[in-house]
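Working through the structure, step by step
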Amino acid sequence: MPMKQAVLYAPNDLRVETVELPDLEPGDVLVKVTAALLCGTDVRIQTGRKTKNVTLPSVLGHETAGTVVDANGPLPEGGALGQQVALYPLVPCGTCVACRKNHPNICRSREAFGYQLTGGLSQYIRVPARARANLIPLGDVPPTHAAIVEPLACALNGQNLARVGRAEAVLISGCGPLGLMHIRLAKAQGVPLVVAVEPNQARHQIARDSGADHVFAPGPDTAEQIVALTDGGIDVVIMAVGRNDALTPYLGILAPGARISAFAGFNAGDVLQILANDVHYNEYEVVGASSCRLENFQTIAPMVTSGALQVADLIGTQLPLDQVHAAFELVASGKDLRVGIDPWA
């Protein structure tokens, strides 16, 4: 049975092809993809600016939802044919130093859907037996809402590492789709003061609608205006865009013991600029955040299903698979929210 998928052979060489439906080995599950959202990481892979953990040729797409349509053997406990699932993208080895130290999301030998394994830019995905636990059931929500569980889980992982739930004041620097998700999660965790900075005025209202208490455009007086709202400074800065100017203007308004989350992906060779003595004397913590953990998926999925996290207004343009190049251009432009692909449109 033929199916379509978009295959990246080399940077800027993305081709929509017709291939045969994959055979299922014992224990494998077949998922019919119903939504595949795209993010800046996909653009960086597609253009060659990100190469780490990427094996070409590859079918991209790590924010994926679908329906279980077949299996070679019994389905995982709680699974059923016809069930809607979100696909946790990482398949850690379980034995490397990162896995042994309870960091499976940065496994040194990991595989991932959309990197080495077929991702969401395909009409069907074969989920190998070793990744059956990656199928996270969701209730009766639109497929795009199921797919957005992945970036929300990444945001939750970053916030957990930065201990956002203990903060009195959080600054979200950048209000793209993930910045907006960070705002919503921070408020869901009970943070009293969430401030956002975003140069695009068109995004200020949705940042407020997401729960930001104050939204500023970056400028020479922005840091001064922000610190005036706090009782001693910002406890957590989340860099929701991978640029130094998401952080450096605000280093002077951090509270003692503040956490800096280098959340967004950066281009290879980028250097984070912060004075060593600032870290030393103020006991600042700089934390990274790479993808997410399976338990983050399991936390976010019911929040989306129940409506505790509202996501409908985060979904942007959805295009057919044959228009995948236009979808990547739209993501790269930054003019839309969570752009995606409907493989069946």
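Summary of the structure given here. (Residues numbered from 1 in each chain as written. Predicted model: local features only at pLDDT ≥ 70, side-chain atom pairs only at ≥ 80, totals over all residues. Heavy atoms only, no water.)

Remarks on the overall build of the chain
On a plain count of helices and strands, the chain comes out with 10 helices and 17 strands. Taking 2.2 N^0.38 as the reference for a compact globule, 345 residues should give roughly 20 Å; the C-alpha atoms of the chain span a radius of gyration of 20 Å, in line with that estimate. In terms of overall dimensions, the chain has a C-alpha envelope of 65 × 40 × 40 Å along the principal axes. The buried share of the chain, taken over its 345 residues, is 51%. Across the chain, every contact between residues at least 6 apart in sequence was considered, and the portion connecting residues at least 24 apart equals 68%. If the 25 positive side-chain charges of the chain are averaged to one point and the 32 negative ones to another, these points end up 5 Å apart. (Helix = DSSP H or I, 4+ residues; strand = E, 2+ residues; numbered from the N terminus. Rg over C-alpha atoms; globule rule 2.2 N^0.38 Å. Buried < 20%, exposed > 50% of the residue type's maximum accessible area, 1.4 Å probe, protein only. Contact = heavy atoms within 4.5 Å. Lys, Arg positive; Asp, Glu negative; His and termini not counted. Charge placed at Lys NZ, Arg CZ, Asp CG, Glu CD.)

Overview of helix H10 (residues 324–333)
Here H10 has its buried residues at Val324, Ala327, Phe328 and Val331. Buried residues of H10, viewed axially, fall in a sector of 100 degrees; they line one side. Buried residues belonging to H10 abut strand E1 (2–10), strand E2 (13–20), helix H1 (40–47), strand E16 (315–320) and strand E17 (338–342). Two residues or fewer after H10 comes Gly334, characterised by a positive phi angle close to 70 degrees. (Arc of directions from axis to C-beta.)

Some thoughts on the sheet that holds strand E14 (residues 254–262)
Within the open sheet, the six strands sit side by side as E12-E11-E10-E13-E14-E15. Their pairing is parallel. What marks the edges here is a single partner per strand, and that holds for strand E12 (214–216) and strand E15 (285–288). Taken pair by pair, the neighbouring strands of this sheet meet at an average axis angle of 20 degrees, ignoring direction. Summarising the sheet, strand E11 (residues 193–197) and E12 pair through three bridges and their orientation is parallel. (Pairing = 2+ DSSP bridges. Axes fitted to C-alpha atoms, helices over the stretch in contact; angles between N-to-C directions.)

A look at the side chain of His62
The residue His62 is located in the loop between H1 and strand E4 (63–71) in this model. By relative accessible area, which is 8% here, His62 ends up buried. At 3.4 Å, the side chain of His62 forms a polar contact with the side chain of Asp42. Not counting residues within four places of it along the chain, the set of residues in contact with His62 comprises Cys39, Thr41, Asp42, Leu87, Pro89, Phe113, Tyr115 and Glu150. (Polar contact = N/O pair within 3.5 Å; in protein donor to acceptor, adjacent residues only side chain to side chain.)

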